[in-house]
Amino acid sequence: MGAKPLKVALLGAGVVGSEVARLLVEQSDDLAARVGAPLELVGVGVRSVATDRGRWIDPSLVTDDLQQLVTGRSADIVVELMGGIEPARTLILDAFAAGASVITGNKALLAQHGAELHEACDAAGLDLYFEASVAGAIPLLRPLRESLAGDRVQRVLGIVNGTTNYILTRMDESGASYDDALAEAQELGYAEKPDPSADVEGHDAAAKAAIIAGLAFHSRVTIDDVYCEGISSITSSDVAAARAAGYVVKLLAVAERSADGRGISVRVHPAMVSRQHPLAAVREAYNAVFVESDAAGQLMFYGPGAGGAPTASAVVGDIVAVARNRMSGGHGPRESTYAALPVLPVDVSLTRYYIAMDLTDKAGVLASVAAVFAEHDVSIETLRQEGHGDDASLEIVTHDALESALAETCASLRGLDSVRQITSIMRVVGE
Ligand code: HSE
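Keep in mind that this is a model prediction, so the values were computed, not measured.

What follows covers the overall build of the chain. Counting its regular elements, the chain contains 14 helices and 17 strands. Over its C-alpha trace the chain gives a radius of gyration of 24 Å, about what one expects of a compact globule, namely 22 Å for 431 residues. Its C-alpha atoms put the chain at 85 × 45 × 30 Å along the principal axes. In the chain, which comprises 431 residues, the proportion classed as buried is 53%. In the chain, the share of contacts with a sequence separation of at least 24, taken over all contacts with a separation of at least 6, comes to 72%. Only carbon and sulfur atoms are counted for the fraction: they give 49% of the accessible area of the chain, which is about 17,900 Å². Of note, the chain has its 34 positive side-chain charges centred 5 Å away from the centre of its 57 negative side-chain charges.

The following block contains the structure:
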């Protein structure tokens, strides 16, 4: 072959970084053949050089001088897998200034400072690839950015956080309480200890939702634009009620075009998903993203959303793509934000709702409950009553309704003498 090696600098040698190093070593011949030049690891930047990095990382390559690694070793490609905002942001900007393309899995950084990074990349005529930042191994961002570039995406629904999907699966399948399912997820290493909030409060999914929405709708979306509710207030009775009604509770990242096409809604919240919907079958820590577009119709991308080797697969795929661009003297697609669709506030988003309440069943109660829905212009799709006398319960699923109208409906229902309590309110997603 004889081509000059392409130099790769790796920042971070944790669970994913060490697997990236392994793949680069184990598959070096195949990767060289696919790229047209060998990939040479020129350094591995870490916080502590004293830690043993395992058999795939040559100790002589390990350094804690990250700045020197990025700017002083003529790297063609810098792979950032450190996480966090700083020093990752500055190192990436330095890499572009030094003429290196960048691959990152850093969703928090992209969701907050994506515009700055893309602008620096474009100005330098380089590449910024980030497939591993959303849904681990699943090829999703490149399909959105490239394969669906000729289509018009209407909606993306994603299970993009494995930890919360694991917790909700345990609650659904074994009737576990939220606390017990969370403790189990922590024991298995899915949820952080002692503070699991990045996952359970939806922040991780919100960063991913911002990245997905930006690509799907050719607009700039940051994490601050994303409405976010986590799963920490979901009870076992919410999950059991959903199960009895033919639904499963999932934490969804939703990005959708508004009915008039003039804006988008981007949000993360628990939702009841019909057991017939493909997303309902996504169990445990798996991720899946369901895309609805005008020409392609419905697509689903499914697979492991985290873990060392699966995430490294996405990173090394990006390394090969960027290396090929480098070999051909060009670069991949630029950030596309021409549509500049505004992100609409959540209270104007339309969703179906499930409302369950305990009530006293006597003549006229159903009419008074239905009148409250009508008063607020919330249309009822289905209604199911069980029990009678003081022990009755009513479950209602609405047609698409405004969040603000639903909130007013529930406030009025609480004012009815016959409604003892509203036991569950949840969004319903999918047919
Ligand atoms: N903590 C994430 C999850 C993986 O549970 O899916 C990294 O984004």
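Glancing now at the sheet that holds strand 4 (residues 77-80). In space, the six strands of this open sheet follow the order 3-2-1-4-5-6, with parallel pairing throughout. For this open sheet the edge positions go to strand 3 (62-63) and strand 6 (128-129), each flanked by a neighbour on one side alone. The pairing of strand 4 with strand 5 (residues 101-104) spans four bridges and is classified as parallel. Paired with Val79 across the two strands is Ile103, which belongs to strand 5. Its contacts with the sheet place helix 12 (residues 308-327) against strand 1 (6-11), strand 2 (39-45), strand 4, strand 5 and strand 6, and it is angled at close to 165 degrees to strand 5.

Here the domain parsing of the chain yields domain 1 (6-136 + 308-328), domain 2 (141-304) and domain 3 (348-429). Look at where the C-alpha atoms of domain 2 and domain 3 centre, and you get two points 26 Å apart. The partner domain 3 presents 14 residues to the 21 residues of domain 2 that form the contact. In this assembly, domain 2 packs against domain 3 so that about 1,200 Å² is buried in total across both faces, 59% of it on carbon and sulfur atoms. Where domain 2 touches domain 3, the interface holds one salt bridge. Linking Arg427 and Glu229 is a salt bridge whose minimum nitrogen-to-oxygen distance equals 3.2 Å. Taken together, domain 2 and domain 3 are joined by four residue pairs in polar contact (both at pLDDT 80 or more).

Below, the discussion takes up the packing of helix 2 (residues 28-35) against helix 12. Contact pair helix 2 / helix 12: the axes reach a minimum separation of 9 Å and the direction vectors enclose 40 degrees. On the basis of the axis angle, helix 2 is oblique to helix 12. The interaxial crossing formed by helix 2 with helix 12 has right-handed handedness. Together, Leu31, Arg34 and Val35 of helix 2 and Val316, Val320, Ala323, Arg324 and Met327 of helix 12 make up the contact between the two elements.

Moving on: the packing of helix 5 (residues 107-124) against helix 10 (residues 203-217). It is at 9 Å that the axes of helix 5 and helix 10 come closest, and there the two elements cross at 55 degrees. In this view, helix 5 runs oblique relative to helix 10, as classed from their interaxial angle. In this structure, the crossing between helix 5 and helix 10 has a hand that is left-handed. Contacts between helix 5 and helix 10 involve Lys107, Ala108, Leu110 and Ala111 on the former and, on the latter, Asp204, Ala207, Lys208, Ala210 and Ile211. Here the contact of helix 5 with helix 10 is composed, by residue class, of six nonpolar, no polar and three charged.

Our next topic: the environment of Leu344. Relative to the helices and strands, Leu344 is located in the loop between helix 12 and strand 13 (350-361). Note: C-alpha distance between Leu344 and Leu141 (203 residues apart in sequence) is 23 Å. Those residues within four positions of Leu344 in sequence are excluded, and the remaining contacts are Ser258, Gly263 and Ile264.

A complete count under the given rule lists 26 salt bridges for this structure. Note that Arg155 is salt-bridged to Glu256, the shortest N-O span being 3.6 Å. Placement of the pair is Arg155 in strand 7 (residues 153-159) and Glu256 in strand 9 (residues 247-257), with a sequence separation of 101 residues. What you see here is one network of salt bridges that share partners, running through Arg155, Glu256, Arg267 and Glu292.

This brings us to the site of the ligand. In the region of the ligand, the neighbouring residues are Lys107, Asn161, Gly162, Thr163, Asp199, Asp204, Lys208 and Ala306. The contact in question runs from an oxygen atom of the ligand to an N or O atom on the backbone of Gly162, over 2.7 Å. In this structure, Thr163 approaches the ligand through a side-chain N or O atom, which is 2.5 Å from an oxygen atom. Here the ligand, which alone exposes 260 Å², has 79% of that area covered by the protein. Broken down by class, the residue content of the shell around the ligand amounts to one nonpolar, three polar and four charged.

With respect to the helices, strands and loops of the structure, Val268 is situated in strand 10 (residues 264-274). Note: C-alpha distance between Val268 and Ile92 (176 residues apart in sequence) is 28 Å.

Okay, helix 13 (residues 365-375) next. Within the sequence span of helix 13, burial applies to Val365, Val369, Val372 and Phe373. Buried residues along helix 13 cover an arc of 100 degrees about the axis, so they all sit on one side. Counted as exposed and oriented over 90 degrees from the buried face of helix 13: Ala367, Ala374 and Glu375. Lining the buried residues of helix 13 we find strand 13, strand 14 (380-386), strand 15 (389-398), helix 14 (403-414) and strand 17 (419-429). Phi turns positive, to about 65 degrees, at Asp377, one or two residues after helix 13.

The rules behind the values
- Residues numbered from 1 in each chain as written.
- Predicted model: local features only at pLDDT ≥ 70, side-chain atom pairs only at ≥ 80, totals over all residues.
- Heavy atoms only, no water.
- Helix = DSSP H or I, 4+ residues; strand = E, 2+ residues; numbered from the N terminus.
- Rg over C-alpha atoms; globule rule 2.2 N^0.38 Å.
- Buried < 20%, exposed > 50% of the residue type's maximum accessible area, 1.4 Å probe, protein only.
- Contact = heavy atoms within 4.5 Å.
- Areas by Shrake-Rupley, 256 points an atom, 1.4 Å probe, with all protein chains shown as cover.
- Lys, Arg positive; Asp, Glu negative; His and termini not counted.
- Charge placed at Lys NZ, Arg CZ, Asp CG, Glu CD.
- Pairing = 2+ DSSP bridges.
- Axes fitted to C-alpha atoms, helices over the stretch in contact; angles between N-to-C directions.
- Domains from an automatic or database assignment.
- Buried area = accessible area lost by both parts, 1.4 Å probe.
- Salt bridge = Lys/Arg side-chain N within 4 Å of Asp/Glu carboxyl O.
- Polar contact = N/O pair within 3.5 Å; in protein donor to acceptor, adjacent residues only side chain to side chain.
- Parallel < 35°, antiparallel > 145°, perpendicular 65-115°, else oblique.
- Left-handed = near helix turned anticlockwise from the far one by under 90°.
- Nonpolar A, V, L, I, M, F, W, Y, C, P; charged D, E, K, R; others polar.
- Near = heavy atom within 4 Å.
- Arc of directions from axis to C-beta.

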